[in-house]
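# Topology and contacts: notes
What follows is the residue order along each chain.
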Amino acid sequence: MNPVPTEAVRTDLNPERSMDVHSEQYLNVVMVTQLRLSLKLSAIFVAILLGLPLANFYFPEIMNTRILGFTATWLFLGVLFYPLTWLIAKIYISKSLAMEHEIASWAMWPGEEAK
Amino acid sequence: MNEIAWIPLIFVTFLVIATIGLGVWVQRSVRSTSDMYVAGRSVSVSMNSAAISGEYLSAASFMGVAGMVMKFGYDVLWYPTLYAAGYLFLLLFIASPLRRFGAYTIPDFAEGRFSSPVFRKIAVIFVLAIGLFYTMPQMKGAGVALVNILHTPYWVGVVLVGAVITFNVALGGMKGITFVQAFQYWVKMFAISVPVFILFAFVGGYHTHMGTFGNEGEAGKALPRFHDDYQITYKPVAPANSITFPGSVTGTFANGAEVAVAPAKKVPADADPLPVEALVTSGLPAQTVVREISGKEVTLYIFKAGASFTTTDPIAASRGGQPLLVADAHGNPVPLMVPAKLTVYPPGGQDAVVIKYARGEIVPNAPADKTWLEPFGPLTNKYGHPVLYTYSLIIAIVCGTAGLPHVLVRFYTNPDGRTAKRTAFWVLVLLGCFYIFPPVFGALGRSMAPQLYAVVGGSYSTDSVVLILPKILNQNVAYLGDILSGITSAGAFAGFMTTFSGLLVSLTGALAHDIYGNMVNKRATPIQKLTAFRIAAVIAGTLAMLLGTFVENFDINMMVGWAFAIAAASYFPMLIVSVWWRKASATGAAVGMLGGGMAALTAIVSTMLADKQVLPALASWYAQNPVWRTLAEQPAIWAVPLALFLIYFVSLATPTAVPADIRHKMLVLHAPEELNLKDEYIKDEPAPAR
């Protein structure tokens, strides 16, 4: 079974938002907060993946401007795209782990009482 | 060209010995079934991210992307970019919940998440299908690479790579290959980057070479030219013996040839006729022969040994005397220019046609600078709907990456969901650093080794640019080119070996854990399970080697495409829904996964049957309906939504098939580790007595 914390009063419990760990409400909070973060960050990528082919199609002169020998669109897709994935992944990890920590502080086990 | 390439041989031998050595060394610490399947769930972030990257960077990434960039240009940049972006979606939506579930294999997850043993059976079929489709190109790559280095028969490379990896997997399972894959990631990173920097020092940088390709006005029409006199060998297999001449080219048939002459582009039936005599300006020989080639009677012109030919510049097609206009990639009307195409067959008694091209001649088969450099070139504009093709490619690769079982299963080797997230981040960094380089080989290859365009497919085509390009440095420093080519050969071998080892663990897991452990003998003792893993590894490895020997003439990209399309339309929708939608029912997920996967597979097989003229009626229908043809060749754009729709509606129709304890399952998937809710679906067993 899941171990219930042994101390009588938990120091990490956030009294203002505490809720039963097995409640519908808590599950919703856990899933919705994480999903919202993932959707927000993935929206940046969806925009790039949908937008770049359209930009290439409708604005070929701008996208094929030469920069340092490359075309703008080659430089973006072949080189600069990767650091962008790192940045977004980095933001996601730090926010998501911080969020997990906070969500954990709201969890209340059966037998515990909110103060 | 028949002497053994000693320097690459030494590098490859060293790599193979190091791989076996690492496997034997790690094997001493393998104690339990958990070690075999998920490396004891204790792989550190740095080790695991290198191992995942090592496994992911297959021969297709190492050699294929470089070759395709050289051949098609900009459009191919989507492949490496999307392999990386696919990983980002995996991180954002799947990695950490999947790990928290604590299974050994993806079929475990399917069964456990939906409380449905039937689902495990369906999932196993897809693991085996995707795994075997993905294995065959690795095997083919190994066979072809060894042909280049040692001139052995094709099967030797297949058996060598197959046997080494089967040995490692059978000995050490997941734990054994984790070290090897991590080590080989760094081999590959070294092998792709160091030769590039040394090439830069001698021949100029990436931007310098990119700057030589024009895209404005006349500069955009420039074509690569031979840098030296070359003799190119054309074997009589399609498509290698079919040569398109993008400009006027003069060549000499060293041993003579029987030649079919045709326009390289389809001309509408109502256009003014384009006589074949106009395509070869040097005139056609009077002697001809009519032969039956793939069901059609074809007139072949007989060129004697030493006979020369000169092809025409592309001819403007016309209709009723007026120039015939077609839409270019951006929809603007341009005149239809038709180049000449020669299909060459060796004369009696010869096994190949040899054509001599003089220095300065235009290289056959090469696209012009502008089409190569700019988006919507020869890859995506094949059927005239480049934007549609691009979008479908994007969906296929992003969703396919997030649905490849052999990649997903590596996340179970992380200690918990948090480390799974950190691992996915570092994988992105390692992959991104790697993927900058293959397009560099493609660009440098176009400017420094254009002779590789002269044959389509086979050992000396653009596919081998990574192995051939470094050799140009032999003229600067003796042996430097050979040493660098040896390094890239070792990198290519690391590509076949790591990807195959990941696939073999995944296939072995399906056989030993899902089929033997959960269907045949549910009460197997730990020692029986360990033995079953080893036997299953040998069975799967042997099967992969056997299949590998049959695929010498298959197209690598076609096989990889199958694996991605099936994964995108089957596993990806199933996973995303299982992780984020509580109302998904077992029936719904299974129907969606089967429906999407089978529909994608059927579409791809139909294009193959049309191409090989098995169904000529379908081929002509596809020719008249390019949109459908595009959708069938790149099915992800409709097959992924189809799978999601099926899951949605069937789930709503079968609410009783939603697991009763769904709330607990979802909590296990999503709850932070700090809550200690972790409830590994497959419990680790104590070590068997030794």
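Residues numbered from 1 in each chain as written. Chains lettered and ligands numbered in written order. Predicted model: local features only at pLDDT ≥ 70, side-chain atom pairs only at ≥ 80, totals over all residues. Heavy atoms only, no water.

Regarding its fold elements, chain B presents 25 helices and 15 strands. In terms of overall dimensions, chain B is globule-like: its C-alpha atoms have a radius of gyration of 27 Å, near the 26 Å expected for 690 residues. Within chain B, the proportion of its 690 residues that are buried is 60%. Looking at chain B alone, contacts between residues at least 24 apart form 84% of all its contacts between residues at least 6 apart. (Helix = DSSP H or I, 4+ residues; strand = E, 2+ residues; numbered from the N terminus. Rg over C-alpha atoms; globule rule 2.2 N^0.38 Å. Buried < 20%, exposed > 50% of the residue type's maximum accessible area, 1.4 Å probe, protein only. Contact = heavy atoms within 4.5 Å.)

Quick look at unusual backbone geometry now. Both trends apply: most residues other than glycine have a negative phi, and most peptide bonds are in trans. The backbone phi angle of A:L68 is positive, close to 50 degrees, even though this residue is not glycine. Along the polypeptide, A:L68 turns up in the loop between β2 (66-67) and β3 (70-71). Classification of A:L68 by relative accessible area gives exposed; the value is 65%. Here B:S115, not a glycine, exhibits a phi torsion of approximately 45 degrees, which is positive. Note that B:S115 resides in the loop between α6 (106-114) and α7 (117-150).

The next thing to look at is helix α17 (residues 480-520) of chain B. All names here are of chain B. A rise of 1.5 Å per residue sets the reference length of α17, with its 41 residues, at 60 Å; its end C-alpha atoms lie 56 Å apart and thus fit the reference within 8%. Along α17, the sharpest kink reaches roughly 25 degrees, centred on G509. With 33 of 41 residues buried, α17 lies mostly within the body of the structure. (Expected span 1.5 Å × (residues − 1). Bend = angle between axes of the 7 residues up to and from the residue.)

Let us look at helix α20 (residues 571-580) of chain B. Extensive coverage of α20(B) is indicated by the burial of 10 of its 10 residues. Those residues of α20(B) that fall on the buried side of the exposure criterion are B:Y571, B:F572, B:P573, B:M574, B:L575, B:I576, B:V577, B:S578, B:V579 and B:W580.

Geometry of a packed helix pair, given as the angle between the helix axes and the separation of the axes. Residues and elements named next belong to chain B. Packing of helix α4 (residues 59-72) against helix α15 (residues 437-448) leaves a shortest axis separation of 7 Å and a crossing angle of 40 degrees. Looking at the two axes, α4 sits oblique to α15. Viewed along their axes, α4 and α15 form a crossing whose handedness is right-handed. Contacts between α4 and α15 involve S61, V65, A66, V69 and M70 from the former and P438, P439, F441, G442, G445 and R446 from the latter. Looking at the contact of α4 with α15 residue by residue, the class counts come to seven nonpolar, three polar and one charged. (Axes fitted to C-alpha atoms, helices over the stretch in contact; angles between N-to-C directions. Parallel < 35°, antiparallel > 145°, perpendicular 65-115°, else oblique. Left-handed = near helix turned anticlockwise from the far one by under 90°. Nonpolar A, V, L, I, M, F, W, Y, C, P; charged D, E, K, R; others polar.)

A few words now on the pairing of strand β5 (residues 288-293) of chain B. All names here are of chain B. The pairing of β5 with strand β6 (residues 296-303) spans six bridges and is classified as antiparallel. Bridging from a neighbouring strand, R291 pairs with V298 of β6. If you look at the hairpin formed by β5 and β6, you'll find two residues sitting between the two strands, and S294 has a positive phi there, around 35 degrees. (Pairing = 2+ DSSP bridges.)

Running from N to C, helix α3 (residues 72-106) of chain A and helix α14 (residues 417-435) of chain B cross one another at 175 degrees; their axes reach a closest spacing of 9 Å. Overall, the two elements α3(A) and α14(B) adopt an arrangement that is roughly antiparallel. Taken together, the residues of α14(B) that come into contact with α3(A) (itself represented by A:Y82, A:T85, A:W86, A:A89, A:K90, A:Y92, A:I93, A:S96, A:L97 and A:E100) are B:R418, B:K421, B:R422, B:F425, B:L428, B:V429, B:G432, B:C433 and B:Y435. Classifying every residue of the contact of α3(A) with α14(B) gives 11 nonpolar, three polar and five charged.

A separate point is the interface of chain A and chain B. Contacts between chain A and chain B engage 55 residues on the former and 61 residues on the latter. Between chain A and chain B, the buried area comes to about 5300 Å², and carbon and sulfur atoms account for 72% of it. Its largest share of buried area at the contact with chain B, chain A owes to A:W74, A:Y82 and A:W86, together 15% of the area lost on that side. Counting every contact that joins chain A to chain B gives two salt bridges. Between A:E100 and B:R100 there is a salt bridge, with its nearest N and O atoms 2.7 Å apart. Counting the contacts that link chain A with chain B gives 17 residue pairs in polar contact (both at pLDDT 80 or more). Elements that contribute at least two residues to the side of chain A that touches chain B include exactly α1 (24-58), β3 and α3 of chain A. Looking at the side of chain A that touches chain B, the element that brings in the most residues is α1(A), giving 21 residues. In terms of residue class, the side of chain A that touches chain B is built from 35 nonpolar, 16 polar and four charged. (Buried area = accessible area lost by both parts, 1.4 Å probe. Salt bridge = Lys/Arg side-chain N within 4 Å of Asp/Glu carboxyl O. Polar contact = N/O pair within 3.5 Å; in protein donor to acceptor, adjacent residues only side chain to side chain.)

Looking now at the sheet that holds β6(B). All names here are of chain B. Pairing within the open sheet is antiparallel, and its five strands lie in the order β2-β14-β4-β6-β5. Edge strands, defined here as strands with exactly one partner in the open sheet, are β2 (242-245) and β5. The mean angle between the axes of side-by-side strands here comes to 35 degrees, regardless of whether they run parallel or antiparallel.

Opposite charge on two side chains permits them to pair, given that their charged atoms come into close proximity. According to the stated counting rule, one finds 11 salt bridges over all chains in the structure shown. For B:E218, the salt bridge is made with B:K221, and the minimal N-O distance between the two is 3.2 Å. Overlapping salt bridges, with partners in common, bring together A:E100, B:R100 and B:K421 in one network.

Residues and elements named next belong to chain B. According to the domain assignment, chain B consists of domain 1 (6-202 + 378-675) and domain 2 (225-365). Distance between the C-alpha centres of domain 1 and domain 2: 38 Å. Opposite the 11 residues of domain 1 that make contact, domain 2 presents 15 residues. Summed over both sides, the interface between domain 1 and domain 2 buries roughly 1100 Å², with carbon and sulfur atoms accounting for 64% of that surface. Per-residue buried area on domain 1 facing domain 2 is highest for Q451, A454 and V456; these three make up 45% of the total on that side. Here domain 1 is connected to domain 2 by five residue pairs in polar contact (both at pLDDT 80 or more). (Domains from an automatic or database assignment.)

What follows concerns the sheet that holds strand β1 (residues 230-234) of chain B. Residues and elements named next belong to chain B. Spatially, four strands are ordered β1-β15-β3-β7 in an open sheet, and the strand pairing comes out antiparallel. The strands lining the two open edges of the sheet, one partner per strand, are β1 and β7 (308-310). The average angle at which neighbouring strand axes cross in this sheet is 30 degrees, direction not considered. The sheet contact formed by β1 and strand β15 (residues 353-357) spans five bridges and is antiparallel. Bridging across to β15, Q231 finds its partner in K356.

A separate point is the nonpolar core. If you look at the biggest cluster of nonpolar residues, it comprises 240 residues, and the most contacted ones within it are A:Y26, A:W74, B:Y87, B:I94 and B:Y234. Residues from two domains meet in this core; each of domain 1 (6-202 + 378-675) and domain 2 (225-365) of chain B gives at least three. In this structure, B:I94 is in contact with B:F89, B:A402, B:L408, B:F572, B:L575 and B:I576, ignoring residues within four places of it in sequence. (Core = buried A, V, L, I, M, F, W, Y, C linked by side-chain atoms within 4.5 Å.)

Let us look at the environment of B:T312. Residues and elements named next belong to chain B. Within the secondary structure, T312 sits in the loop between β7 and β8 (315-316). C-alpha separation for the pair T312 and I149, spaced 163 residues apart in sequence, amounts to 38 Å. Sequence-distant contacts of T312, defined by excluding residues within four places in its chain, comprise G247, S248, A278, L279, T281 and A340.

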